[in-house]
Structure formats: C-alpha cells, structure tokens
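For reference, the chains in residue letters:
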Amino acid sequence: MRAILMAAGMGTRLRPLTENTPKSLIEVNGMSLLERQIINLKEIGIDEIIVLTGYLHEKFDEIVKKYDLIKVINDKYNVYNNIYTMYLVRQYLKDTFVIDADNYITRNFLPKSKPNTSIYYSACKENIEGEWILKYDDNDRIFGVDIGKKGDNPSYIMSGASFWTEKDGELIARKVEGAINKGDFRDLYWDSIAVDNLEHMEVHIEKIQSNDIFEIDSLQDLAYLKNELKL
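What counts, and at which threshold
- Residues numbered from 1 in each chain as written.
- Predicted model: local features only at pLDDT ≥ 70, side-chain atom pairs only at ≥ 80, totals over all residues.
- Heavy atoms only, no water.
- Buried < 20%, exposed > 50% of the residue type's maximum accessible area, 1.4 Å probe, protein only.
- Helix = DSSP H or I, 4+ residues; strand = E, 2+ residues; numbered from the N terminus.
- Pairing = 2+ DSSP bridges.
- Core = buried A, V, L, I, M, F, W, Y, C linked by side-chain atoms within 4.5 Å.
- Contact = heavy atoms within 4.5 Å.
- Salt bridge = Lys/Arg side-chain N within 4 Å of Asp/Glu carboxyl O.

Observations concerning the pairing of strand E8 (residues 118-125)
The element E8 is extensively covered by neighbouring structure, given that 7 of its 8 residues are classed as buried. Summarising the sheet, E8 and strand E13 (residues 203-208) pair through 6 bridges and their orientation is parallel. Pairing of Ile119 across the sheet is with His204, part of E13. As defined by bridge partners, E8 adjoins strand E12 (residues 161-164) across 3 bridges and the pair is classed as antiparallel. By the bridge assignment for E12, Tyr120 is matched with Ser162. Here 2 bridges tie E8 to strand E11 (residues 155-156), and the two strands are oriented antiparallel to one another.

See below:
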C-alpha cells in the first residue's frame, strides 16, 4: 500500500496564514496538518508517501527530506481544479490511500491491513451545506452522492480520506487521463470522476467518528477546530 497526500492548493480562505505558508503546513496543536497525517500513515506501515504540491512547493522540502517522501509539483495549481493534480500521480493510484492534506485528523482510523474494497472514510457532520453526502445501500456499498443543503439533518459526508484498490484505482486513472486528453477539464474535480463511475467499482463507506477528521478550508474552520480541541 501507499498514500497520496493532496497539498497543491493555495488556501486563499485561510489568508493571511497562507500568504507565506501552504495550508497543509499550518500548525495546529504544535504540529502541521501534513506531518500529523504522515505520522498516522507511518504508524500503519505506509512508507511510500507521495505529496502533491503546487503553491509554495519549496516550503515542503524540509518535511520531504525528513520523511523521505516523493514530491510531485503541480505548476498549474492556480489554473485547474484538482483533477490535474491527480493526473500527475495517476500511476500511483493502486492500493492507495488518498487524503486531502488540509484535514486535521484527531484519531488514526486508517487500517493496518489492506482493505478488501475501495473505501470512502466518512464522518457524520452537522453543518453539511455544500458537502457531498454519500448514498449507500444495506451492504454499505456507495452508489451515489447528494449535495447538502442548508438545514439538512446530519449526514455522512465525503470527508477527504479514501482508499482505492488496484482495479478501481486503474479505472479512475484511465478516466482522469481521458478527461485531461479531451481538454475540457478546467472545472473538474477528480472526485467527480470517481463518483461518475461508482457503478463500475466496488466502493464502500467506512463510518468514522464525527470528530475523527476536520477539514480546514477557512479561518472559520480553524477557529471551530480549536474550539473543539479546547486549544
């Protein structure tokens, strides 16, 4: 198994904190978001870790050296959405964890043994407006997503952590490559490719605790996390 950490974005909603620091290198409780994820991966025996950088990519060099990471640079981070980022590492998308590097993980929910199917790790959240809500059957197999609306009840959402088997990873890689080759991909996300092909894959929901993972996309998200952690 290996892991891809998605860390190319500019983090504009976290300014001024991200004016000179990529958002995944922002420290919370004495450690950067990225390093906390790396440690979790090392704990379950993952040594091949690819960090996808873009904005201020040189800022990652110290942590890349410290943990012997594979660094990939997306020099079009400010032009395209993250489908192009995934395109650059599509060859690694086999038996692979994919984690958004701007997530703060409080508990290491990643398994030490290889999952039998592809997985979206999903936390039930209360404020889900604009979030991707996972739709799944009685066997926990995911068959679609809804977009959360204001006032919706708490639901299990796409939380920025997943695992892809060799078979499903290869399918996504082919579909991503096909979308890039067509040329009309500026506003596409790689997750959209995965969702559009759920019927051709076996992807299950793995429910985690609501406070296991927090997306840090804005100053408000950061303030909320610090309040939850009582920092």
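Some points on the nonpolar core
In this structure, Ile4, Trp164 and Ile172 are the most contacted members of the largest nonpolar core, which totals 32 residues. Every element with two or more residues in this core is listed here: strand E1 (2-7), strand E4 (49-53), helix H3 (82-88), helix H4 (166-182), helix H5 (190-196) and E13. Take this core: its biggest share by element is 5 residues, from H4. Apart from residues no more than four positions distant in its own chain, Ile4 is found in contact with Ile50, Leu52, Val89, Tyr92, Leu93, Thr96, Phe97, Val98 and Ile99.

With respect to the pattern of salt bridges
Applying the stated rule across the entire model yields 13 salt bridges. The partner of Asp217 in a salt bridge is Lys23, with the nearest N and O atoms 3.0 Å apart. Here Lys23 lies in the loop between E1 and strand E2 (27-28) and Asp217 lies in the loop between strand E14 (213-215) and helix H6 (219-229), a separation of 194 residues in the sequence. Here Asp217 and Lys23 have matching classes, each one buried. When the shortest N-O distance is used, the salt bridge between Asp146 and Lys135 registers 3.8 Å. With Asp146 in strand E10 (residues 142-147) and Lys135 in strand E9 (residues 132-136), this residue pair connects regions lying 11 residues apart in the sequence. Given a relative accessible area of 37%, Asp146 falls into the partly exposed group. One salt-bridge network, held together by shared partners, links Lys23, Asp102 and Asp217.

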